[in-house]
Amino acid sequence: MQRLRSLGVLAGATVCASLAMAAQEQTADFWQSSSSTDKENYVRVPMPPGIQVIDSELDGPVFADANGRTLYSWPLTKLRNGDIGDRKDSGISSCTDEVQKVTSGLMSPYPGGLLLPNPETRKSCTQVWPPLIAPADAKPVGSGHNEWTTIKRADGKLQWSYGGQPLYTSELDKKPGDVLGGTKIQRPGDGPAVRVPVGPPPNVPPEFAGTDSDPGRYGPLQTATGRLVTDHKGFSVYTWDGDEPNKSKCVRECLKDWAPVSAAVTAVPNGEWGIIERSPGIKQWTFRKKPLYTYILDPHTRSLLGSDVPGWHNVYTQRAIAPPKDFTVQDSIAGQVLGDSKGMTVYIYNCGDDARDQLACDHPDTEQAYRLAICGNSDPQLCQESFPYVQAAPNAKSESRLWSVMLIDPSTGRRATKGQAGALSVWAYRERPVYTCSLDRQPGDANCDSFGEFNGRRNGYRAFWLRDDFGNSAYSL
């Protein structure tokens with residue numbers, strides 16, 4: 001792999017210059033430029049009045065209400081001690097007006113009935129996740145998996161449902177295109193029952209529509225950097241610089257390692273997806289005029305290993321825009337992580353409490369007691385020493401809407417006001433501050449990955465993985 005092998009032995013300005021140069025060289029591996037027009041195409045489906053489709057940077061096309069607020073579902077999730085969320089086609093919403101004040105005992109070995117932090121200020125599920133209310137005379141729209149129907153809530157109001165799942169907006173989303181309440185990135189076991197943005201089906205041929213190992217996923221795989229294309233078995237799809245538009249030049253020796261993605265005799269081109277004839281009767285899929293292949297040497301599904309071969313690239317329907325210049329790409333023991341300007345690994349904090357409404361606690365506007373307990377035994381000063389914020393210049397800007405600068409009061413972990421004494425200007429990803437870890441000694445160290453409860457999935461820190469060759473970390477932030 002062409003990576004940053006010598007960074008650990010460099011020092012001072014030389015390190016910073018090398019990091020900046022390497023980050024620029026590797027931008028094309030993970031992100032697309034802000035000038036790119038690549039967007040995931042989708043199937044146009046019937047929608048109720050007022051509903052629209054908005055292109056989001058990370059999660060592709062998503063449904064939004066008339067004000068541009070992204071729509072989410074709360075799929076039923078199996079936790080350690082039971083299930084929670086909305087059961088498909090049940091006609092019932094599990095998100096209620098009741099303020100939960102004690103733990104449920106569903107997602108941890110701790111018993112239910114324990115008092116939650118600051119119950120007097122806790123919000124109800126519907127305050128955090130307002131139901132998408134339908135008119136009293138609303139009628140079903142569409143059919144099958146894409147049907148819009150309604151359910152009746154306890155207060156008698158109708159709530160829109162899509163594909164059998166009740167729909168909500170998030171109090172965190174303020175502008176059209178915000179997807180701050182959740183993501184399509186898959187969550188591993190031991191995490192909370194999260195909300196997922198809902199959108200129209202991606203416009204992909206059946207060969208790329210899903211995987212045998214992920215039957216619930218349709219279309220590209222959501223990763224930390226974009227929408228990764230795989231074949232129907234889950235194996236990554238690649239393109240080669242040596243090909244010409246709509247013409248494959250991968251023959252003879254090339255075919256020992258690379259298998260053309262075959263198109264059935266009955267397959268037909270569709271938009272950006274084309275078909276070429278390699279030889280009489282032998283057809284091959286293309287995407288945006290580039291012939292598609294799988295890598296015979298890939299040891300597992302959803303791999304990025306083929307992109308280490310010079311001239312070969314993983315295929316994405318769209319990728320996120322590169323993060324600000326304050327960040328770098330670093331080699332780590334299992335792949336690549338995002339680093340700060342000095343190359344130190346960047347961490348994201350995950351949190352979901354164990355109440356029945358499974359509200360997240362990873363945002364500075366939410367409960368901070370969990371994070372303070374994990375990072376410093378409830379001592380804010382110790383937290384600042386163990387997991388320092390990645391600080392930003394107050395006037396710093398980002399071309400990616402996923403990244404922003406916010407003011408944080410480090411003594412509370414909550415937002416600070418402009419001019420507030422002691423406030424820090426910090427970088428935030430999806431409006432969540434990012435951190436480094438005091439246990440890391442050199443660029444690429446990820447000694448605090450999975451720090452916290454249940455490998456950092458319920459309450460703790462995870463490294464910002466861009467690529468993980470031995471696990472699923474890049475697919476489960």
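The coordinates are above.
Residues numbered from 1 in each chain as written. Predicted model: local features only at pLDDT ≥ 70, side-chain atom pairs only at ≥ 80, totals over all residues. Heavy atoms only, no water.

A.B. asks: Any chance you could break down the pairing of strand β16 (residues 273-279) for me, citing the residues and the numbers?
C.D. replies: Each regular strand displays side chains that alternate between the two surfaces of the sheet. Where β16 meets strand β17 (residues 282-287), 6 bridges bridge the pair, whose relative direction is antiparallel. Looking across to β17, one finds that Ser-279 is bridged to Ile-282. Between β16 and β17, which pair antiparallel and follow one another directly, the connecting turn spans 2 residues, one of which, Gly-281, has a positive phi of 85°. (Pairing = 2+ DSSP bridges. Helix = DSSP H or I, 4+ residues; strand = E, 2+ residues; numbered from the N terminus.)

A.B. asks: Provide a residue-level description of helix α3 (residues 369-376), including the pertinent values.
C.D. replies: Across the 8 residues of α3, 6 count as buried, placing the element largely inside the fold. Turning to α3, the residues buried within the fold contact β24 (347-351), α4 (380-386), β28 (432-435), β29 (451-453) and β30 (459-463). Where α3 ends, the next residue or the one after it, Asn-377, has phi of about 55°, a positive value. (Buried < 20%, exposed > 50% of the residue type's maximum accessible area, 1.4 Å probe, protein only. Contact = heavy atoms within 4.5 Å.)

A.B. asks: Break down the pattern of salt bridges for me, with residues and values.
C.D. replies: Under the defined criterion, the tally for this structure stands at 17 salt bridges. Close ionic contact of Glu-244 with Lys-249 constitutes a salt bridge, the shortest N to O distance being 3.6 Å. Here Arg-467 ties to Asp-308 by a salt bridge, and the two come within 2.7 Å at their closest N and O atoms. One end of the pair, Arg-467, is in strand β31 (residues 465-468); the other, Asp-308, is in the loop between β19 (293-295) and β20 (312-314), and 159 residues separate them in sequence. By sharing partners, the salt bridges in this structure join Asp-38, Glu-272 and Arg-288 into a single network. (Salt bridge = Lys/Arg side-chain N within 4 Å of Asp/Glu carboxyl O.)

A.B. asks: Before we move on, could you go through the sheet that holds strand β26 (residues 414-415) and cite the residues and values that matter?
C.D. replies: As summarised here, the arrangement of the 7 strands in space is β26-β25-β27-β28-β24-β30-β29, forming an open sheet in which the pairing is antiparallel. Because the sheet does not close on itself, it has two edges, and the strands there are β26 and β29. Direction of pairing for strand β25 (residues 403-409) relative to strand β27 (residues 424-429): antiparallel, over a ladder of 6 bridges. Looking at β27, one finds that Met-406 is bridged to Val-426. Relative to β30, α3 is tilted by about 65°, and along the sheet it contacts β24, β28, β29 and β30. (Axes fitted to C-alpha atoms, helices over the stretch in contact; angles between N-to-C directions.)

A.B. asks: Give me empty space enclosed by the protein: which residues, what numbers.
C.D. replies: Per the counting criterion, the structure on display carries 8 cavities of 30 Å³ or more. Counted as a void, the largest cavity has a volume near 200 Å³. Along the wall of the largest cavity there are 20 residues; nearest its centre are Gly-181, Arg-187, Val-194, Ala-360 and Asp-362. Looking at the lining of the largest cavity residue by residue, the class counts come to 8 nonpolar, 6 polar and 6 charged. (1 Å grid on protein atoms, 1.4 Å probe; cavity = no way out; pocket = protein on both sides within 12 Å on 5 of 7 lines; lining within 4 Å. Points joined across faces, edges and corners; volume = space filled by probe spheres on them. Nonpolar A, V, L, I, M, F, W, Y, C, P; charged D, E, K, R; others polar.)

A.B. asks: Please provide a residue-by-residue account of the packing of aromatic side chains, values included.
C.D. replies: Each pair of aromatic rings is reported with the distance of its centres and the angle of its planes. Tallied over the entire structure, the rule returns 27 aromatic pairs. Each ring, one from Tyr-72 and one from Trp-129, has its centre 5.1 Å from the other, and the planes form 75°; the classification is edge-to-face. With Tyr-72 in strand β3 (residues 72-73) and Trp-129 in the loop between α2 (125-128) and β6 (133-134), the pair connects residues that are 57 residues apart, well separated along the chain. Using a relative accessible area of 6% as the deciding quantity, one classes Trp-129 as buried. Of the aromatic side chains, those joined through ring pairs into one cluster are Tyr-347, Tyr-349, Phe-387, Tyr-389, Tyr-435, Phe-451 and Tyr-461. Just above the ring of Tyr-42 sits the side chain of Arg-44; from NZ or CZ to the centre is 3.9 Å. (Phe/Tyr/Trp six-rings, centres within 6.5 Å; stacked < 30°, edge-to-face > 60°. Lys NZ or Arg CZ within 6 Å of the ring centre and 35° of its normal.)

A.B. asks: If you had to explain the nonpolar core to someone new, which residues and values would you point to?
C.D. replies: Counting 28 residues, the largest nonpolar core has Tyr-347, Phe-387 and Tyr-461 as its most contacted members. When contributions to this core are tallied by element, the ones reaching two or more residues are β24, α3, β25, β27 and β30. It is α3 that provides the largest number of residues to this core, a total of 4 residues. When near neighbours in sequence (up to four residues on either side) are disregarded, Phe-387 contacts Cys-375, Tyr-435, Thr-436, Cys-437, Cys-448, Phe-451 and Tyr-461. Counting 21 residues, the second largest nonpolar core, distinct from the first, contains Phe-30, Ile-348, Val-434 and Leu-466. (Core = buried A, V, L, I, M, F, W, Y, C linked by side-chain atoms within 4.5 Å.)

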